[in-house]
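Residue-level listing of the chains:
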Amino acid sequence: SDSVNFHRDILDKINVRKGRRYDDSIQKAYIHHIRRAKRYVYIENQYFLGSCHSWLVHETLKAPNTVPIELCARVEKAIDNDEEFKVYICIPLHPEGEPTSAAVQEILRWQSRTMEMMMDRIARALHKKGLADKHPTDYLMFFTPTKQESPDEVPSDLAKPTSGTVAAKSRKSLRYMIYVHSKLAIFDDEYMIVGSANINDRSLNGNRDSEMCVGAFQPAFTKEKCGDGEIEGDVRTFRLALWAEHCGKAMPEHLRANSDECMKAIRQMADENQASYIADEPKGVKGHWMSYPLNYGKGTVTSLANCKNFPDTGGLIIGKASNFLPNSITT
């Protein structure tokens, strides 16, 4: 209520804290459409952290939004019911700022805790179902967009950067991150949410940052109208164009985002891009998506043995807690 005058007709749907009304309908929209999804969820966001009450290691902080655990619950349901269901999450290599700074490192810590919790829950669901040949990454993958050029793509007349700087290291490695600032979710090629809200508590709680999102769909292209068939409206066209840009090409596997073939094809390409990106000598890659550089075990998330720190800039990829920053900054 510090930011908006709520219409009296919706006051029964508005939360109240310390005498002030606040609206958390963006989080509710995410939860509603995650639960309603039948095929896949695609999330592209600047941050991805939450559901701290379910983290494997207890941390004293305020990040209770339930988007991550709702995604887990939907995957667990799919595993239990033998459904084809996939979750694709695209995030930046690291949040905006110096990756070695306390704030960025702490956000990365909360992000890796969130990833760990999700992988653990999916691993336990697979074990319960007796699917020993399946891995959590068959259902959930984290990607990050990057760029690496080959030496023959570099103009010969470029001025040389100062020796010993990050710019000099980047000129040698010919790699850099592509920042993700969008806040986008697509569900089943049917419905999409786009706006200003990140997947963290500052955005989703409702009584911290002020945010606005738009939900979009076409009445002729819904689950009710299309039944078990593919939903082939403009939301799908947008998603296919976006994925073609990320992958550097249109891939036939993208047509069925919930299929094992689609997840396998994207993961194979993204793993190859990751190997090239962290290698000592630049080779150049086509497309931008690479697997987020952590090791995803069956219920664990750890640093890669050959890439514990961000290439060129430094800073732990898995992050670390600061023990002095207020939660309001990093959650």
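So, here is what we can say about the structure in this document. (Residues numbered from 1 in each chain as written. Predicted model: local features only at pLDDT ≥ 70, side-chain atom pairs only at ≥ 80, totals over all residues. Heavy atoms only, no water.)

Overview of the nonpolar core
Argument step 1. Grouped together as the largest cluster of nonpolar side chains are 58 residues, with contacts concentrated most on Leu71, Ile89, Phe142 and Tyr292.
Argument step 2. Of the residues forming this core, the biggest block, eleven residues, is contributed by helix α3 (residues 102-129).
Argument step 3. Excluding residues within four positions of it along the chain, Ile89 makes contact with Ile43, Phe48, Leu71, Met118, Leu140, Met141, Phe142 and Phe143. (Core = buried A, V, L, I, M, F, W, Y, C linked by side-chain atoms within 4.5 Å. Buried < 20%, exposed > 50% of the residue type's maximum accessible area, 1.4 Å probe, protein only. Helix = DSSP H or I, 4+ residues; strand = E, 2+ residues; numbered from the N terminus. Contact = heavy atoms within 4.5 Å.)

Observations regarding helix α7 (residues 234-247)
Argument step 1. Helix length check: α7 (14 residues) gives 20 Å between terminal C-alpha atoms against 20 Å at 1.5 Å per residue, within 8%.
Argument step 2. Taken residue by residue, α7 has Val235, Arg236, Arg239, Leu242, Trp243, Ala244, His246 and Cys247 as its buried positions.
Argument step 3. Where α7 ends, the next residue or the one after it, Gly248, has phi of about 85°, a positive value. (Expected span 1.5 Å × (residues − 1).)

Observations concerning the packing of helix α2 (residues 67-80) against α3
Argument step 1. Direction vectors running N to C along α2 and α3 enclose 15°, while the axes themselves pass 10 Å from each other. The angle between α2 and α3 falls in the class roughly parallel. Between α2 and α3 the crossing geometry is right-handed. Facing Pro68, Ile69, Leu71, Cys72, Val75, Glu76, Ile79 and Asp80 of α2, the residues of α3 in contact are Thr114, Met117, Met118, Arg121, Ile122, Ala125, Leu126 and Lys129.
Argument step 2. By residue class, the composition of the contact of α2 with α3 is eleven nonpolar, one polar and four charged. (Axes fitted to C-alpha atoms, helices over the stretch in contact; angles between N-to-C directions. Parallel < 35°, antiparallel > 145°, perpendicular 65-115°, else oblique. Left-handed = near helix turned anticlockwise from the far one by under 90°. Nonpolar A, V, L, I, M, F, W, Y, C, P; charged D, E, K, R; others polar.)

A closer look at the side chain of Asn258
Argument step 1. Inspection of the secondary structure assignment puts Asn258 in the loop between α7 and α8 (260-277).
Argument step 2. Classification of Asn258 by relative accessible area gives buried; the value is 7%.

What to know about the pairing of strand β8 (residues 191-195)
Argument step 1. Pairing analysis gives four bridges linking strand β7 (residues 184-187) to β8, with the strands arranged antiparallel. Looking across to β8, one finds that Leu184 is bridged to Val194.
Argument step 2. As consecutive antiparallel partners, β7 and β8 are separated by three residues, and within that stretch Asp188 has a phi angle of approximately 60°, a positive value.
Argument step 3. Direction of pairing for β8 relative to strand β9 (residues 213-217): antiparallel, over a ladder of five bridges. Looking at the pairing, Ile193 lines up with Gly215 of β9. (Pairing = 2+ DSSP bridges.)

Structural notes on the packing of aromatic side chains
Argument step 1. Inspection of the entire model under this criterion finds eleven aromatic pairs.
Argument step 2. An angle of 25° between the planes, with centres 6.0 Å apart, marks the rings of Trp55 and Trp110 as stacked. Highlighted residues: Trp55 in the loop between β3 (40-44) and α2 and Trp110 in helix α3, separated in sequence by 55 residues. The pair Trp55 / Trp110 is uniform in exposure class, with both members buried.
Argument step 3. Both rings, one in Phe143 and one in Trp289, keep their centres 4.9 Å apart while their planes meet at 20°; by these two values the pair is stacked. Residue Phe143 is found in strand β5 (residues 140-148), and its partner Trp289 is found in strand β10 (residues 289-291); the two are separated by 146 residues along the sequence. (Phe/Tyr/Trp six-rings, centres within 6.5 Å; stacked < 30°, edge-to-face > 60°.)

Side note on the state of the cysteines
Argument step 1. Per the counting criterion, the structure on display carries zero disulfides.
Argument step 2. In this structure Cys72 is not part of a disulfide, and its nearest cysteine sulfur, from Cys52, lies 14 Å away.
Argument step 3. The class of Cys72 is buried, set by a relative accessible area of 0%.
Argument step 4. A disulfide-free cysteine, Cys247 has its sulfur positioned 8.2 Å from the sulfur of Cys262, the nearest such atom.
Argument step 5. For Cys247, a relative accessible area of 2% gives the class buried. (Disulfide = S-S within 2.5 Å.)

Brief notes about the packing of helix α1 (residues 25-36) against α2
Argument step 1. Remark: α1 packs on α2, axes separated minimally by 9 Å, with the N-to-C direction vectors making an angle of 10°. In this view, α1 runs roughly parallel relative to α2, as classed from their interaxial angle. Judged by residue contacts, Tyr30, Ile31, Ile34 and Arg35 of α1 engage Val67, Glu70, Leu71 and Arg74 from α2.

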